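Residue strings, one per chain:
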Amino acid sequence: MLGKASRNSARHPGVRLVCLGFVFLSIGCVGPSFLARSDMEKRIGAIATIAILPPSVDVYEIDLTGTPKRVDAWSDTAREKVWAAAATEMKKLKRVLVTTLSPNSLSESQRTDITESQLVFEAVNASLLWLTSSAHVPQFAEKLRNFDYSVGNFAEIGARADALLMIRGFDQVSSTGRKVTNLIMVSAMAGAAASRMVLIPSLSLGQSSLSVALVDARTGEILWYRRVFSAAGLTDLRDPESAASLMRRALKEFPISD
Amino acid sequence: MNLGRKSLLPVLLLTALMTVGILPAWGTWVTIERRWISGDKFEVDVPAGWLLRGPVEDQMILTRDGVWLQVVTIERVSIEKELSNVKKPLVKSMLPEEISELIAQDLGADKTKLNLQILERATTDVGGHPGFKLVYSYEISSKLKKTGVCYGALVDAWYYYLNYEGPSRHYFPRDRETFERLKDTFKITL
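The rules we used
- Residues numbered from 1 in each chain as written.
- Chains lettered and ligands numbered in written order.
- Predicted model: local features only at pLDDT ≥ 70, side-chain atom pairs only at ≥ 80, totals over all residues.
- Heavy atoms only, no water.
- Helix = DSSP H or I, 4+ residues; strand = E, 2+ residues; numbered from the N terminus.
- Polar contact = N/O pair within 3.5 Å; in protein donor to acceptor, adjacent residues only side chain to side chain.
- Contact = heavy atoms within 4.5 Å.
- Salt bridge = Lys/Arg side-chain N within 4 Å of Asp/Glu carboxyl O.
- Buried < 20%, exposed > 50% of the residue type's maximum accessible area, 1.4 Å probe, protein only.
- Pairing = 2+ DSSP bridges.
- Axes fitted to C-alpha atoms, helices over the stretch in contact; angles between N-to-C directions.
- Expected span 1.5 Å × (residues − 1).
- Bend = angle between axes of the 7 residues up to and from the residue.

A. How the structure looks around the side chain of T147 of chain B. Residue and element names in this part refer to chain B. Residue position: T147 is located in strand 9 (residues 145–155). In terms of polar contacts, T147 uses its side chain to reach the side chain of S168, at 2.7 Å. Those residues in contact with T147 that sit more than four places away from it in its chain are L119, V135, Y136, S137, Y164, E165, G166, S168 and F172.

B. How the structure looks around the pattern of salt bridges. One pass over the structure, following the stated rule, counts 35 salt bridges over all chains. When the shortest N-O distance is used, the salt bridge between R37 of chain A and E221 of chain A registers 3.6 Å. Remark: E221 of chain A occurs in the loop between strand 7 (207–216) and strand 8 (222–231) and R37 of chain A occurs in the loop between strand 1 (35–36) and helix 3 (40–44); sequence separation between them is 184 residues. For D184 of chain B, the salt bridge is made with K183 of chain B, and the minimal N-O distance between the two is 3.9 Å. Look at K183 of chain B and you get buried, because its relative accessible area is 11%. Look at the salt bridges and you will find they share partners, linking R37, D39, R43, D148, D216 and E221 of chain A together with R64, D65, R174 and D175 of chain B into a network.

C. Molecular detail of the sheet that holds strand 8 (residues 129–139) of chain B. Residues and elements named next belong to chain B. One open sheet holds the eight strands; their spatial order is 1-4-5-6-10-9-8-7, and the pairing between them is antiparallel. The two strands at the open ends of the sheet, each matched to only one other strand, are strand 1 (29–31) and strand 7 (114–126). Sheet twist, expressed as the mean angle between neighbouring strand axes with direction ignored, is 20°. Direction of pairing for strand 9 relative to strand 10 (residues 158–167): antiparallel, over a ladder of ten bridges. Across the sheet, the residue bridging to L154 is Y159, located in strand 10. Those strands touched by helix 2 (residues 96–108) are strand 7, strand 8, strand 9 and strand 10, and its axis lies near 25° from that of strand 8.

D. Focus on the sheet that holds strand 11 (residues 187–188) of chain B. Residues and elements named next belong to chain B. Judged by pairing direction, the sheet is antiparallel, and its three strands sit side by side in the order 2-3-11 without closing on themselves. The sheet terminates laterally at strand 2 (35–38) and strand 11, the two strands that pair on one side only. Note: strand 3 (residues 42–45) against strand 11, two bridges, orientation antiparallel. Considered in strand 11, the bridge of E43 is made with K187. Sheet contacts for helix 3 (residues 171–185): strand 2, strand 3 and strand 11; angle to strand 3, the most-contacted strand, approximately 140°.

E. A look at helix 3 of chain B. Residues and elements named next belong to chain B. Taking 1.5 Å per residue as the helical rise, helix 3 with its 15 residues ought to reach 21 Å, and the 22 Å between its terminal C-alpha atoms agrees with that figure. Of all bends in helix 3, the biggest is about 35°, found at E177. For helix 3, the full list of buried residues reads Y171, F172, D175, T178, F179, E180, L182 and K183.

Here it is, written out as structure tokens:
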């Protein structure tokens, strides 16, 4: 975080160079808002039913040292909130019948089918983050234009709907100690930075993300994919309003509308 | 921390050039569709549409969709170097069966590979020399199941291997044939 600069510093060539550097870095980090197969438009016309799979959500607590630790209870809560948020948004669509696939309604082999597809979806997420983070590289841009990713055939649950909505969530929650320490650091340095340009160290308060994908229920091919982030501890997926807000962003530009 | 103008300018210029792709960053990924000849080491046909991580010296890494989904590693390693997990070296006089046994032990000693199972062992030609084939499966810490196949051969003072891994669901079986065709084009050059 840059501290407040003096009037003379603001006109200093060094300031302009720093700003230009951040512009270049920003250009390198911007990727497409969503990814889709080239034949998506043709295929979504045949979709009459969408089943929302139970989301996979991991919530970590970050302590003062920056070490993340997964918290099972928080992850379970966040999963329920994200799932409810997805159902609320998706059920607004009038053109398709949207259902949620409760694990209780599934057999052991069907639950295994879903779990394995979610694990592959995690790997797909990692690959897409890698490609989109360097979307300016021509070879990567070509990969994204010819989007062709899958979570594998659904042998067991493919008959339950024409398409499936898969959701992967990730959240980092700072411990109270970390938040308080960050506040003290920022407050202490802000005063010292008032008279000249300095970098103020601060602690990262964590990041939240949701990835959603519309998947062909027979083939497992991903028809449409979007990933959204929320930084600096602004989102808490355990909170229903917060989860709903991030889910609305994630489903923006969903290819099926009323 | 005050940022002096002189120290700032070269760093920002380098960052800008690397960001817009003018100056390739270390570990640049490129696509090529041709026979790759790595000097006096090995040659192989790179599949169309696959990404190759450069620069290639003794190790070549290829992927089609990202290394989390499929990755081919082709490498030449000195036999003086210990295997990284089992901490034992290969020996020049070893037969292919003995090499595959030690490689299987090395895979088993890799702490990132959980529940490792060897699914297939065989002796076979590798790059024009007597070698072995190992097929195996394992889980990573997230419980994702992965499958791998390794071909290897000892030639003079070098161990050459081609390794292909991917999630057992969809990706490994889908690209297996591509890898086997690549392996058939592999030639050790001396």
